[in-house]
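Tertiary structure, described
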Amino acid sequence: MIKVTDRSKCSGCTACFAVCPHKAISMKPDRLGFRYPEVDMDICTDCGLCEKVCDFVRTSSLPSVFPEEVRVTAVRNRDAGVLAASQSGGVFSALAKVVINEGGVVYGAAFDPDFTVSHKRADSIAGCEAFHGSKYVQSEMGDVFIRVRKDLETGRKVLFSGTPCQVAGLVSYIPERLREGLVTVDFICHGVPSPNVWKDYLAYMSRKGRISSVCFRDKSAGGWKEHKESFFFEDGRKVFRETYKVLFYKNVMLRHSCAACPYDLGRRKGDVLIADFWGVEEILPGFDGDQGTSMVITMSDNGRRLLEAASFDLDIEPAAVSSDFISRRNPNLMRPARIYHERQMFEEVYPEKGFVYAARRWGDIGWRYKAWQIKVFIRKITGRK
Ligand SMILES: Cc1cc2nc3c(=O)[nH]c(=O)nc-3n(C[C@H](O)[C@H](O)[C@H](O)COP(=O)(O)OP(=O)(O)OC[C@H]3O[C@@H](n4cnc5c(N)ncnc54)[C@H](O)[C@@H]3O)c2cc1C
Ligand code: SF4
Ligand code: SF4
Ligand code: SF4
């Protein structure tokens, strides 16, 4: 049976939890809220299914190969409202619309009423609006894999979107005979931050009033390339912050598996890969706009068919990018994020000292961050590295 002794080897995808015929596995949170499987030895029959279904361990043993050149498509949704609500070029909405119009259902990450994030199911175009926007936190999966399988068994087409590890876990869990009805979308993935830190940040911001909506990366802060989180309060105020963004990009609160992620371009299992097309102005001058451009890579015939069917709603431009371009502009398609050397210390002190301490020590609150900004400024004007 599955036993996670090294947390960098489990993405928390839930495939083992879903496959267990005796419901012997529960997904238990660690100190930062990341979930890991735990087996009830009184129920387990040692059938081995949970070990067999684990794609993360299997894929980690495969070699990584990156091509010299990658064929991509630059995409922008023609609907200005959808584009504004989406994280980059709004391609996901167009893909979801195709599946809904064919009578299918869509699964994606959405906010709960308290602004924590979990995977949900939608069977209408309006229902898919909840999936707009990147939520930079590990989404709670619950029993979603089991519900996807039930939909496929009743003959519904399913579009599932998630991190590459969630998609790989789902594909591994769904039996071959049902896969024809499943189409999957993943993205270039920098990593997923801690659910507990996000929850505590919400509580910290709530001291300013009742929150009515949040956005992890709000385009209204200055366009698609700007990255600021925003909070809307019930009294009509809106504030922009960068505290969570700074913690995210410092790589101090990511899941352990994100340091050893095997899902580079060649080893992922999704049908369509979507991403921010950082550097699009170098490749396709004139295509870019300040509301965002998606980079799309179709990984299978199923994926190619889906993009083709969605093309009526999209401005599309094919292009080729070099491995050097990817390495400069979106390196997480090639290799995992480099984890901050104090990640372990973060995990040890965070549960006791809490969010404000962490934001002062590793985020943008207080003198440390200001001192760092001054250092960067001096280096810039003196030309020192
Ligand atoms: C944690 C995370 C890390 C990312 N890292 C990168 C990166 O390094 N480089 C890059 O180019 N792009 C990255 N992206 C993807 C990027 O931010 C956009 O989501 C992508 O460009 C799609 O844009 P869109 O306009 O089509 O999507 P939108 O319409 O905004 O759709 C977003 C889609 O992402 C899914 N999603 C959102 N949050 C989560 C979540 N927490 N877990 C699982 N699925 C989620 C939704 O279900 C939806 O399908 C990341 C996204 C996330 C959530
Ligand atoms: S990666 Fe997924 S299948 Fe493997 S142990 Fe973790 S939760 Fe289970
Ligand atoms: S070995 Fe079989 S019964 Fe035991 S936890 Fe794994 S899937 Fe369940
Ligand atoms: S970086 Fe890899 S392991 Fe981490 S969430 Fe993304 S796909 Fe999963």
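Residues numbered from 1 in each chain as written. Chains lettered and ligands numbered in written order. Predicted model: local features only at pLDDT ≥ 70, side-chain atom pairs only at ≥ 80, totals over all residues. Heavy atoms only, no water.

**With respect to the overall build of the protein**
The test is simple: Secondary structure counts use DSSP, requiring at least four H or I residues in a row for a helix and at least two E residues in a row for a strand, with both numbered from the N terminus. Every radius of gyration here is taken over C-alpha atoms, with the globule rule written as 2.2 Å times N^0.38, N being the number of residues. We call a residue buried when its accessible area falls under 20% of the maximum for its residue type, exposed when it is over 50%, and partly exposed in between, using a 1.4 Å probe and counting protein chains only. Residues count as neighbours in contact if any of their non-hydrogen atoms are within 4.5 Å of one another. The charged-residue count follows a simple rule in which Lys and Arg add positive charge and Asp and Glu add negative charge, with His and chain termini not counted at all. Taken as the charge location is NZ of Lys, CZ of Arg, CG of Asp or CD of Glu.
The helix and strand tally for the protein stands at 15 helices and 13 strands. Compactness check: the protein gives a C-alpha radius of gyration of 21 Å against a globular reference of 21 Å for 385 residues, within 12% of the reference. Overall size of the protein, expressed as C-alpha extent along the three principal axes, is 60 × 50 × 50 Å. A burial count over the protein gives 50% of its 385 residues as buried. A sequence separation of at least 24 residues applies to 70% of the contacts in the protein between residues at least 6 apart. Taking the average place of the 57 positive charges on the side chains of the protein and the average place of its 48 negative ones, the gap between the two points comes to 5 Å.

**Focus on the packing of aromatic side chains**
Note the threshold: Two rings belonging to Phe, Tyr or Trp (six-membered ring only in the last case) form a pair when the distance between their centres is within 6.5 Å. Interplanar angles under 30 degrees mark stacking, angles over 60 mark edge-to-face geometry, and anything in between is tilted. To sit over a ring, a charge needs its Lys NZ or Arg CZ within 6 Å of the ring centre and within 35 degrees of the ring normal.
Applying the stated criterion to the full structure yields 22 aromatic pairs. By way of ring pairs, the aromatic residues F111, F115, Y136, W198, Y201, Y204, F216, F231, Y244, F248, Y249 and F355 are connected into one cluster. Sitting over the face of the ring of Y204, R207 holds its NZ or CZ atom 3.9 Å from the ring centroid.

**Focus: the nonpolar core**
For clarity, the cut-off: Buried residues of nine kinds, namely Ala, Val, Leu, Ile, Met, Phe, Trp, Tyr and Cys, make up a nonpolar core once their side-chain atoms join them within 4.5 Å.
Counting 35 residues, the largest nonpolar core has V197, W198, I211, F231, Y244, M253 and F346 as the members making the most contacts within it. Sorting the residues of this core by element identifies helix 9 (195–206), strand 8 (211–215), strand 9 (229–233), helix 10 (243–249) and helix 14 (343–361) as the ones contributing at least two each. Core analysis: the next-biggest nonpolar cluster, separate from the first, contains 33 residues, I2, C20, C50 and V148 among them.

**Here we look at the site of ligand 1**
Condition: Throughout this document, a residue counts as near a molecule or strand when at least one of its heavy atoms sits within 4 Å of that molecule or strand. We define a polar contact as two N or O atoms separated by no more than 3.5 Å, with the added condition that, inside protein, one atom must be a possible hydrogen donor and the other a possible acceptor, whereas residues neighbouring each other in sequence contribute only through side-chain atom pairs. Note on areas: Shrake-Rupley, 1.4 Å probe, and residue coverage restricted to the protein chains presented here.
Near ligand 1 you find 35 residues, and of these S88, G133, S134, K135 and I188 are the closest. The separation between an oxygen atom of ligand 1 and a polar main-chain atom of G90 is 2.9 Å. Residue Y136 places a side-chain N or O atom 3.2 Å away from an oxygen atom belonging to ligand 1. Protein coverage of the free-state accessible area of ligand 1, which is 890 Å², stands at 98%.

**Remarks on the layout of surface pockets**
The criterion, for reference: The way it works is a 1 Å grid over only the protein atoms, where trapped points that fit a 1.4 Å probe form a cavity and open points with protein on both sides within 12 Å along at least five of seven lines form a pocket, and then any residue with an atom within 4 Å of a point lines it. Grid points are joined across faces, edges and corners, and a volume is the space filled by probe spheres set on the points. Three categories are distinguished: nonpolar for Ala, Val, Leu, Ile, Met, Phe, Trp, Tyr, Cys and Pro, charged for Asp, Glu, Lys and Arg, and polar for the others, with Gly belonging to the last.
Taken as a whole, the largest pocket holds about 1,000 Å³ of empty space. As for the largest pocket, its lining consists of 48 residues, of which S134, Y136, F187, I188 and D276 are closest to the centre. Elements supplying a minimum of two residues to the lining of the largest pocket: helix 5 (91–101), strand 4 (105–111), strand 7 (182–187), helix 10, strand 11 (272–276) and helix 13 (323–329). Taken together, the residues of the lining of the largest pocket break down into 20 nonpolar, 20 polar and 8 charged.

**Some remarks on the side chain of D55**
For D55, the position within the fold is in helix 3 (residues 55–60). Ignoring any residue separated from it by four or fewer positions in sequence, one finds D55 in contact with A168, S172, Y263 and K269.

**Quick word on helix 14**
Applied cut-off: Given a helix with a known number of residues, its expected span is that number minus one, times 1.5 Å. Each residue is assigned a bend, namely the angle between axes fitted to the seven residues that terminate at it and the seven residues that start at it.
If you check helix 14, its first and last C-alpha atoms are just 12 Å apart, much less than what 19 residues at 1.5 Å a residue would give, namely 27 Å. The largest bend in helix 14 comes to about 125°, at G354. The inward-facing, buried residues of helix 14 contact helix 9 and helix 10.

**Looking at the packing of helix 7 (residues 144–153) against helix 8 (residues 164–173)**
To keep it simple, the criterion reads: Axis definition: a line fit to C-alpha positions, over the contact stretch in the case of helices; interaxial angles, taken between N-to-C directions, run 0 to 180 degrees. Here is the rule for angles: anything less than 35 degrees is roughly parallel, anything more than 145 is roughly antiparallel, 65 through 115 is roughly perpendicular, and the remaining ranges are oblique. Throughout, a crossing is termed right-handed when the near helix is turned clockwise from the far one, and left-handed when it is turned anticlockwise from it by less than a right angle.
Following both chains from N to C, one finds helix 7 and helix 8 inclined at 50°, their axes separated by 11 Å at the closest point. As far as their axial angle goes, helix 8 and helix 7 are oblique. Considering how the two elements wind past one another, helix 7 and helix 8 form a crossing that is right-handed. In this structure, helix 7 contributes F145, I146, V148 and R149 to the contact, and helix 8 contributes Q166, G169, L170 and Y173. When the residues that make up the contact of helix 7 with helix 8 are grouped by side-chain class, the tally is 5 nonpolar, 2 polar and 1 charged.

**Brief notes about the sheet that holds strand 13 (residues 314–322)**
As a reminder, the rule being used: We call two strands paired when DSSP finds no fewer than two bridges between them.
Within the open sheet, the 8 strands sit side by side as 5-4-6-7-11-12-3-13. Their pairing is mixed. Among the strands making up the open sheet, the edge pair consists of strand 5 (117–122) and strand 13. On average, each strand axis in the sheet is inclined to that of its neighbour by 30°, with strand direction left out of account. Direction of pairing for strand 7 relative to strand 11: parallel, over a ladder of 3 bridges. By the bridge assignment, F187 is partnered in strand 11 with I274.

**Re the environment of P336**
Relative to the elements of secondary structure, P336 occurs in the loop between helix 13 and helix 14. Using a relative accessible area of 33% as the deciding quantity, one classes P336 as partly exposed.

**Details of the sheet that holds strand 8**
The strand order 8-9-10 describes an open sheet built from 3 strands, whose pairing is antiparallel. Of all strands in the sheet, those bounded by a partner on one side alone are strand 8 and strand 10 (238–241). This sheet shows a mean twist of 20° between the axes of neighbouring strands, independent of strand direction. Note that strand 8 and strand 9 share 4 bridges and pair antiparallel. Residue I211 lies in a different strand from strand 9, and its bridge partner there is F233.

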